[in-house]
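Residue-level listing of the chains:
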Amino acid sequence: MKSKKMGSTDNPKLVDLARNTSAQENQFMTTDQGVKINDDANSLKAGERGSTLLEDFILREKITHFDHERIPERIVHARGSGAHGYFELYEDLSAYTKAGFLTDTTRQTPVFVRFSTVAGSKGSADLARDIRGFAVKFYTNEGIFDLVGNNTPVFFIQDAMKFPDVIHSVKPEPDWEIPQAASAHDTFYDFISLATETLHNHMWAMSDRAIPRSLRMMEGFGIHTFRLINAQGKPHFVRFHWKPKLGIHSVTWEEAVKINGADPDFHRRDLWEAIATGNYPEWELGLQIIPEEDEHKFDFDLLDATKLIPEELVPVKIVGKMTLNRNPDNFFAETEQVAFHPGHIVPGIDFTNDPLLQGRLFSYTDTQLSRLGSPNFHEIPINRPINPVHNNQRDAHMRMTIDKGKTAYFPNSIGGGCPHLAKMAEGGFHTYEERIDAKKVRDRSKSFSDHFSQPALFYRSLKDWERNHLVNAYAFELGKCVYDTIKQRMLWLLNQIDKDLAKRVATKLGLAIPTAIDKPINQNIGADADPKKHEPGKVKKYLEKSDALSQEHIHSDTIATRQIAILAADGFDMKSYKKMKDYLEKNKAVVTLIAPHGGKLTCNQQMEHTVDAALMTTESVLYDALYIPGGKESINALKRESKVFKFINESVKYCKALAFEGEAAEIMDMSAAKDFKNDDAVFINGKPEDFARAIAKHRNWKREPHTVHIPA
Ligand code: HDD
């Protein structure tokens, strides 16, 4: 493996993008036609107070361009954040695939990643309860491979035919365009309670996975079963996983709501700042590889995107690592114009008959035509491969390439038969020759009809704190619905999944669980299909639980990039402050000095310290932990600030690590923290390393049941 890490100068994709970048330094301002401009503030007029002249080409050009600056936002995943990086392979996988980026361990393959929420508009807030998109574009030497996944291992529906329905149901309701970036409304629950295949992914959406602490702290999944094909043509089924090196962490729903107000760009900022400060996010690539002969050995269908393959049944083989080490230069040019497509595959990877994947293969090119405006979207710098492109596709809007020669057809003799075809041995793509002997039907396999076993497995596998959050999420979301019939249908379904879950949600809703419902609940089926054939079956317990489904399963002991709030006022104790700050910063945490006022603070050693944020400009929910150094004068000043108590109480309530030094104990005694002196993550005159250890654990969830009385 290459030891040197791919940086900005040797990343072939970044070198390729540099061909199109433009910097303004020391340049004259010109029109789009290159004419130098000497007044950019005043239009051309018939006299100082006269009307503007149509002749003013500078004004016309500027306004015309502005008028057309917007393109349609993505129909789903409109809100997103992107970054560049590279992928490196740990071991040669040629036993399974001939894809170069999965066989050549000396290569580093450039990637561009876009994370997104699904339902909200481009300008919506980052902490919506939602699935996160996790789309990776690999610029391989053999062409582009896009792994267009999510942060959950399953999807809402089994067949692409229902995609417009599930999306229409979750998007704002069409009459009043409410609610924005939220699933908590009637149309969504109307749909999902009638289409029971949605229940598994929905349960992930109700879990903490849907409110990540950071885009850098979530898993990614390719979801569908794909095929790997080796050089001998032998296939294996595969599912792709991304495992974050920082562990999987979330905020609570109450925090999410507050963060959306305090910093709607919380995730975008976090990703950007981590990369800008050299704390490069990393994920390991994992593969679940299944021999073709094992296709039917599971209690579920590998082609069903609403089912995961428990890691206990097929372990995830870690094969490589992705590092994101460069922010985009221009959001629109890169993050907005990037066009992913699950149909962008390279030799060595192939599709399966998963009916959801099959439909996606149509949708993604189609959507770029209206979003980016032309079949030439592959020429947009962020989308073009790093290897050469030659074919007989020609013309259309905004064609950039100037194709030379007389021929644009194949076969030809005038052009010497070029571009010529590649044999398989020369890297020509060859579709896996799957044997098919079937009737053409509009139907779904009965092997897709188990809709309850995996949501039940998911619920059983969560830790107590995760289950509590999930129950609250259901209660919140259903509580926002207006129609009792919808809530009851959901309760009835939850009861099929897990009695404890249904009971707890019902209690919070103040509703009884119905013993029967008056509507058929599975409307997946076509009019002629036999409803009996498609009725969701009872819960099967093929596995008691899967530890991998709990967020506790990936740990990290680092505090790098963790945001630590230090509250202080003039006269704070320099010695203890410095000791803590130095330790945290040495371990790459981000320390923010917050004070009742902006400008400078003077410590008890009469030194000046720059205030990073005035109390009024920031909120505790934006930080991972809180530290208050001693110093009599400082503590007396902090006692007069109600926001200080908001900081402490919220930090206690949301189970964060807190440290108090010297006189700060007096403030602690005036706050909700006073009842938590023996808490594992609360420190009075504690050691910085113990505080750091508690921060690395993210939260002390054991505290949570004891914080219900805190009105934060
Ligand atoms: Fe999709 C975008 C992920 C099913 C149709 N999808 C989109 C993006 C992600 C996913 C991450 C954003 C890519 C970006 O950042 O630009 N979609 C998924 C996953 C699915 C899935 C993991 C199921 C396993 N999608 C799916 C279906 C259809 C679509 C079944 C249609 C039949 N998806 C689209 C789209 C989008 C899109 C409308 C909107 C913008 C775009 O494609 O480029 O075509």
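Residues numbered from 1 in each chain as written. Predicted model: local features only at pLDDT ≥ 70, side-chain atom pairs only at ≥ 80, totals over all residues.

Here we look at the overall build of the protein
Of the regular secondary structure elements, the protein holds 19 helices and 18 strands. Radius of gyration (C-alpha) of the protein: 28 Å, near the 27 Å computed for a compact globule of 712 residues. Referenced to the eigenvectors of the C-alpha coordinate spread, the extents of the protein come out at roughly 90 × 80 × 60 Å. Scored against the burial criterion, the 712 residues of the protein give a buried share of 42%. In the protein, the share of contacts with a sequence separation of at least 24, taken over all contacts with a separation of at least 6, comes to 75%. (Helix = DSSP H or I, 4+ residues; strand = E, 2+ residues; numbered from the N terminus. Rg over C-alpha atoms; globule rule 2.2 N^0.38 Å. Buried ≥ 20, exposed ≤ 12 C-beta atoms within 10 Å, placed from the backbone. Contact = placed C-beta atoms within 7 Å.)

Observations concerning the nonpolar core
With 114 residues, the main nonpolar core has V111, V113, L127, F138, L494, I497 and V505 as its most contacted residues. The element best represented in this core is helix α12 (residues 484–497), accounting for six residues. Those residues in contact with V505 that sit more than four places away from it in its chain are V471, Y474, A475, L478, L491 and L494. With 47 residues, the next largest nonpolar core counts Y577, Y627, F676 and A694 among its residues. (Core = buried A, V, L, I, M, F, W, Y, C linked by C-beta atoms within 7 Å.)

Quick notes on the packing of helix α4 (residues 186–194) against α12
At a closest axis distance of 9 Å, the pairing of α4 and α12 adopts a crossing angle of 40°. Between α4 and α12, the interaxial angle falls into the category oblique. Here α4 and α12 pass one another in a crossing that is left-handed. Packed against α4, whose contacting residues are D186, Y189, D190 and S193, the element α12 presents I486, R489, M490 and L493 at the interface. Considered class by class, the residues forming the contact of α4 with α12 number four nonpolar, one polar and three charged. (Axes fitted to C-alpha atoms, helices over the stretch in contact; angles between N-to-C directions. Parallel < 35°, antiparallel > 145°, perpendicular 65-115°, else oblique. Left-handed = near helix turned anticlockwise from the far one by under 90°. Nonpolar A, V, L, I, M, F, W, Y, C, P; charged D, E, K, R; others polar.)

Digging into the environment of L470
Position of L470 relative to the elements: it lies in helix α11 (residues 464–479). For the pair L470 and L501, spaced 31 residues apart in the sequence, the C-alpha separation amounts to 8.9 Å.

Topic: the packing of helix α5 (residues 199–206) against helix α10 (residues 453–461)
Between α5 and α10, the least distance of the axes is 8 Å, while the angle of their chain directions is 25°. For the element pair α5 / α10, the angle class is roughly parallel. Note on packing geometry: the crossing formed by α5 with α10 is right-handed. Along the contact surface, α5 presents L199, H200, M203 and W204, while α10 presents Q454, P455, F458 and Y459. Along the lines of polarity and charge, the residues of the contact of α5 with α10 split into six nonpolar, two polar and no charged.

Observations regarding the site of the ligand
Surrounding the ligand, one finds 27 residues, the nearest of these being R74, H77, R114, G133 and S363. Sorting the residues of the shell around the ligand by element identifies β2 (108–117), β3 (132–140), β4 (143–150) and α9 (355–371) as the ones contributing at least two each. Considering every element that reaches the shell around the ligand, the biggest residue donor is α9, with six residues. Classifying every residue of the shell around the ligand by side-chain character gives 14 nonpolar, 10 polar and three charged. (Near = placed C-beta within 6 Å.)

Looking at the UniProt feature "domain: Catalase core" (unreviewed entry) in the protein
UniProt records the feature "domain: Catalase core" (unreviewed entry) at residues 30–418, using the numbering of this structure. Split by type, residues 30–418 is 21% helix and 19% strand. Its first and last C-alpha atoms lie 41 Å apart. (UniProt positions renumbered as here; feature names shortened; annotations may be inferred.)

Observations concerning the pairing of strand β1 (residues 80–89)
Judged by how many residues are buried, β1 sits mostly within the fold: nine of 10 residues are covered. Inspection of the sheet shows β1 paired to β2 by nine bridges, in the antiparallel sense. Of the residues in β2, the one forming a bridge with F87 is T109. Where β1 lies against strand β9 (residues 317–326), six bridges are found, and the strand directions are antiparallel. Looking across to β9, one finds that H84 is bridged to R326. (Pairing = 2+ DSSP bridges.)

Considering the domain arrangement of the protein
By domain assignment, the protein separates into domain 1 (80–176 + 210–383), domain 2 (452–552) and domain 3 (557–707). Listed per partner, the contact involves 10 residues of domain 1 and nine residues of domain 3. The leading source of residues in the side of domain 1 that touches domain 3 is helix α6 (residues 253–262), at four residues. (Domains from an automatic or database assignment.)

Some remarks on α10
Most of α10 sits inside the fold, with seven of its nine residues counted as buried. Restricting attention to buried positions, one finds in α10 the residues S453, Q454, P455, A456, L457, F458 and Y459. Here the buried face of α10 lies against α5, α11, α12 and α13 (499–509).

A short note on unusual backbone geometry
Each neighbour pair has its own omega, and for I178 with P179 the value is 0°, a cis peptide bond. Among the secondary structure elements, P179 is positioned in the loop between α3 (163–170) and α4. Cis geometry is found at the peptide bond from F410 to P411, where omega equals 0°. Tracing the sequence through the fold places P411 in the loop between α9 and α10. Backbone geometry at N685 places phi at a positive 50°, although glycine is not the residue there. Residue placement: N685 occurs in the loop between β18 (682–684) and α19 (688–696). Even without a glycine there, the phi angle at H698 is positive, about 80°. Considering the arrangement of structural elements, one finds H698 in the segment after α19. The buried category is assigned to H698, around which 26 C-beta atoms lie within 10 Å.

Brief notes about the sheet that holds strand β15 (residues 613–614)
Within the open sheet, the six strands sit side by side as β15-β12-β11-β16-β17-β18. Their pairing is parallel. One side of each edge strand has no neighbouring strand; the edge strands of this open sheet are β15 and β18. Here strand β11 (residues 563–567) pairs with strand β12 (residues 590–595) via five bridges, running parallel. For Q563, the partnering residue across the bridge sits in β12 and is V590.

Considering the pairing of β3
β3 sits mainly inside the fold: nine of its nine residues count as buried. Sheet topology note: the β2/β3 ladder contains seven bridges and is antiparallel. Looking at the pairing, T117 lines up with R132 of β3. Inspection of the sheet shows β3 paired to β4 by eight bridges, in the antiparallel sense. When the sheet's bridge partners are listed, F134 is paired in β4 with G149. Between β3 and β4, which pair antiparallel in sequence order, lie two residues.

What about α13?
All of the buried residues along α13 are L501, A502, V505 and A506. The buried residues of α13 all sit within an arc of 125° when viewed along its axis, so they share a single face. Contact partners of the buried residues in α13: α10, α11 and α12. Just downstream of α13, G510 is the residue with a positive phi angle, here 70°. (Arc of directions from axis to C-beta.)

So, the environment of Y577
Along the chain, Y577 falls in helix α15 (residues 574–586). Classification of Y577 as buried rests on a count of 25 C-beta atoms within 10 Å. Residues Y577 and A256, spaced 321 residues apart in sequence, show a C-alpha to C-alpha distance of 30 Å. Every residue in contact with Y577, bar those within four places of it in the chain, is listed here: I566, A568, F572, C603 and P629.

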